[in-house]
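# Structural description and commentary
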Amino acid sequence: MSQEYAVEMHGISKAFGNKIANSQVELTLKRGEILSLLGENGSGKTTLVNMLAGIYAPDAGTILIDGKEVEIRSPEDAKRLGVGMVHQHSKLVEAFDAADNITIGTEKGALFLKKDRYKEIQEIADRFGFRIDLRKKVHNMSVSEKQTLEIMKVLYYGAKIIILDEPTAVLTVQEIAKLFDVLRRMREEGHSIIIITHKLNEVMEISDRVAILRKGEYITTVNTAETNEQELTEWMVGSKIDLNIAHPVSEKTEPLLEIRDLTVLSDEGNAAIDGLNFYIRGGEILGVAGIAGCGQRELCEAIAGLRPVQSGAIVHKGENIVGKTPKQILEKGIAMSFIPEDRLGMGLVPSMSIAENMILKTYKDTPGLFVDMKKGTQEAEEVIEKLGVVTQGTFEPVRRLSGGNVQKVLLGREIKGEPNVIVTAYPVRGLDINSSYQIYDILNQQKMKGVGILFVGEDLDIMLELCDKIMVLCHSKVMGVVNANHTTKEELGLMMTGSLDLTEKDASKPYGIARDTQIDEATLEAVEAAKDVREAEAALAEAEEQVAAAREAAEAAREAAKAAAEAARSAENAKGGE
Amino acid sequence: MPFHVIKRDSCPLSKKILYYVIAIVIALLIGAAILAAIGVNPLSYYFNMATMGMVGNRIAYKAFENYLKVFVPLVLTSVALSFAFKMRFWNIGGEGQFIMGSLAAAFVAFKFGPVLPQPLTLLLMCVGAVVVAGVYGCFVAALKVKFGTNETLLTLMLNYIALYIIIYFANTAGDWNIFLNPNSARTTFGSFAEYASWPGIPIGRFTLNICVIFTIIICIIAHIYLKRTKHGYEIAVVGDSPNSARYAGMNVGKIIVRTVFLSAALIGLAAAFKVGTAGILSTAITGNVGWTGVIVAWLAKLSTGGIFIVSALISILNYGSTVAASTFGAVDANFANMLQGMILFAVLVADFFCRFRLVRTEKAVPAAAAVKADAPEAAEIPAAPAEAEIPADAAEAAAQAGEEVSNEQ
């Protein structure tokens, strides 16, 4: 058996129910190489590496590590074999600091933590060029810091084979560059790395070889140097595909939705959206970019009336909708579809049928005690036909549908209500390329009909192509709104991390306020007044803090004086004693 | 690992029924072994239990009347609990709500029975029980909606509060205590059967209590309510995805409070039926329906029709075992509880096999070069049986040895 390979996986199959996740998959990882595992969502990439990491056991097939056949039944086994995995969502203890998260699970038998752990870990960090504060608590860390910590953790365990599951999905351009530097350093140290991604440019940049999966089947493995993006896409999708997203030019109308000085609290009670100003015109797609968790969710929920607004105004066609119920906002023609990470959480009822889900927002409109299922079935049939939903019928529970079809059902229902504003967050989350393009088409059609669309997205490349303008959020504040045709990923990345703030460029001109605003004077005044109150309150709080600090200082000084006097007296006594 | 678990996409009804029957048979066999160990003939015991002693009995109709007295409160309580459970509101306070309903019904009977005509008394008993039990349940819902309290804990604790309230009334003598029997020197509950007792419809010698008819009607209404009405739709949405419910403009808090009120009120009604049939209070008035109802509702997967059937069967088990206990002195009536627990476990296992199946783990031929070309065929060849069937522990030992070697390296 050749010793060239760190990992060999042969004939790996895995099924979940009747769904085949992997079928006869082959994977080889050479020592000291970076291998990209490429495939669309649902092609079985994560399933495959999870079997290497001991999270699932294969139904069939063999795994060889360093040429020896092994059986990996648990993450513990994987750890012993030198396999470490960095998961898509961090699995860290939020209340612990960085170093303790790394030493968890290694202090076998010992009752106390070793004092020298900080030094020991710092050495590893220096070797690979990680910059991280080991005493920082995880809940204070950014996504990128958490990820760095996860990587350090697997290195600390002595992993030689490292799997990274979509590490770049949550990072900015600059952070990705930093991550890739670390990965290259690890490769030099002789580590073997599998990186899962579906971004082709990253594949081309970082990897030595690419393995491609499609619908659970192994397609091929190629040397990165001998291929190109077009070829990879064709392998991945199975057919030729046009990689350009249509960007039709539409006629922009007056501002449909204007947000003024909006402040919204997060679940924890701090400001998730802080003094936000922006507007959407009819016939445009406004993208919202930002690192995960910088207020996108709270913004969407505030617009839909699902989250109380702390201060500010959300004005729809000249009417302030703050304080209206979700139902009333819906009736004004503002549709919201938020696709959360589990993809079913909001807007759909998973165990109900498509037909039942269709009438979720309108079931009350029919007279009488009973739910009108005929209408639901009829609407479901229309959406299934119009958007090409693949399903066994209108009676099928939504949770049984595949991701793309779930999202089509959701969007289909929202569009049926003929909204004039669509708020959509992550509508292509987890979709394959074909389904994603269908969703983009739907959004573009709506845009051409004069609907204003707020598009919260993850993938900057997509947003640059699809959106007309892009608003960047960072730490609950807006960093600027840029024209999608005149900006670059690098600029967006800088804004996402807060290094670049376009709102400060011209302080004399207020940012994010439409010239032809539809907001009436009274509302404006109210917003201004509320803003003044808020600022005054902030100033007051600050002043109070200063007073408290001064008082504390005075107290400390008094204590010091007393101590000094005491010391002087005892010195005197001592002298007298002599 | 020679076997692994795979999820089924669907399980045909016939197979499901087969699994459930096998499960119940296994539970009964275990019970039979225990009976045999005590020296009781299991067959005759089970026969006596399943027929509730009606075979060869001159007054078999009496046994059936008594059986219905067990069945009515159980089925009503189970249906009531399914309302809350559908909404993922874990109402395990059926016992407490039942007791409060009983107290209210008895209070009405003692207070107004002597002065009002009987039908009106019975009606007022129902109203009183429904309101008191409903409020006793739905204030927990209100707390949950308002402050996010845990309904499981609160309903559970309220069971004990209700229980001690009824025990207090049972043990405390005093002129104010209208629940007691004034003619008895000891503190015992008094009877109100002469003022308030549910009438029956005579069918031959058998008397069909009117509560049975009401119960059947209520079950049908409950089924329609949950399946067809807007309220039922709301309950299902709130239970499955509260976020979606809010998003669709539903007033989730209101729906929770309303549904829990209905759930608890229906349990109160069951209590009014029970009290009006017994004609006397008791600290054991619930007959444990608040607990058994939870099991029934889950065994029936919260379907109203299923609850009807499961309640009927569990009632046979419960009542049958009391009857059998009088014939077989060695076997306590509590044997039914043990059997019930065993059946529950067995059915849960059957449930597991309805949703999953065990599959043998295949092994592909490990020759790396061969695999790529012949992979599909390789998997189909049942890899050298001798190697494949190495006992699990041997494989484990080998794996461990392998690990040690690699660790040393």
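Residues numbered from 1 in each chain as written. Chains lettered and ligands numbered in written order. Predicted model: local features only at pLDDT ≥ 70, side-chain atom pairs only at ≥ 80, totals over all residues.

A tally of regular secondary structure across chain B gives 16 helices and four strands. Each of the 409 residues in chain B was classed as buried or not, and the buried ones make up 39%. For chain B, restricting intrachain contacts to residue pairs at least 6 apart in sequence, the fraction spanning at least 24 positions comes to 73%. (Helix = DSSP H or I, 4+ residues; strand = E, 2+ residues; numbered from the N terminus. Buried ≥ 20, exposed ≤ 12 C-beta atoms within 10 Å, placed from the backbone. Contact = placed C-beta atoms within 7 Å.)

A word on the nonpolar core. If you look at the biggest cluster of nonpolar residues, it comprises 193 residues, and the most contacted ones within it are I314 and V472 of chain A together with A105, M125, A129, A133 and L269 of chain B. Considering each element in turn, this core owes the most residues, 16 residues, to helix α10 (residues 252-278) of chain B. Beyond its immediate chain neighbours, meaning those up to four positions away, V472 of chain A contacts A289, G290, M479, G480, L492, M495 and M496 of chain A. One finds I12, I72, I121 and M152 of chain A within the second-largest nonpolar core, a separate group that totals 59 residues. (Core = buried A, V, L, I, M, F, W, Y, C linked by C-beta atoms within 7 Å.)

Another point: the packing of helix α3 (residues 60-86) of chain B against helix α11 (residues 289-299) of chain B. Residue and element names in this part refer to chain B. Following both chains from N to C, one finds α3 and α11 inclined at 65°, their axes separated by 8 Å at the closest point. Between α3 and α11 lies a crossing of right-handed hand. Every residue of α11 that contacts α3 at P73, L74, T77, S78, L81, S82 and F85 is listed here: V289, G290, T292, G293, V294, V296 and A297. Classifying every residue of the contact of α3 with α11 by side-chain character gives eight nonpolar, six polar and no charged. (Axes fitted to C-alpha atoms, helices over the stretch in contact; angles between N-to-C directions. Left-handed = near helix turned anticlockwise from the far one by under 90°. Nonpolar A, V, L, I, M, F, W, Y, C, P; charged D, E, K, R; others polar.)

Residue and element names in this part refer to chain B. Here chain B averages 85 in pLDDT, and 88% of its residues register 70 or above. Scored below 50 in pLDDT, residues 364-395 makes 38 contacts in the model with residues more than four places away or belonging to other chains. Note that residues 404-409 has pLDDT below 50 and, in this model, one contact with residues that lie over four places away or in other chains. If you check the scores for this complex, the pTM reads 0.73 and the ipTM reads 0.75. (pLDDT = per-residue confidence, 0-100.)

Residue and element names in this part refer to chain A. Taken in spatial order, the four strands make up an open sheet running β12-β11-β14-β15, and their pairing is antiparallel. In the strand order of this sheet, the two ends are held by β12 (271-281) and β15 (319-320), each with one partner. Pairing of strand β11 (residues 255-265) with strand β14 (residues 309-316), which is carried by six bridges, proceeds in the antiparallel orientation. Opposite I259, over in β14, you have I314 as the bridge partner. (Pairing = 2+ DSSP bridges.)

Residues and elements named next belong to chain A. Domain boundaries assigned for chain A yield domain 1 (32-57 + 71-208 + 220-237) and domain 2 (255-529). Measuring from the centre of the C-alpha atoms in domain 1 to the corresponding centre in domain 2 gives 33 Å. Each partner contributes to the interface: domain 1 provides ten residues, whereas domain 2 provides 14 residues. (Domains from an automatic or database assignment.)

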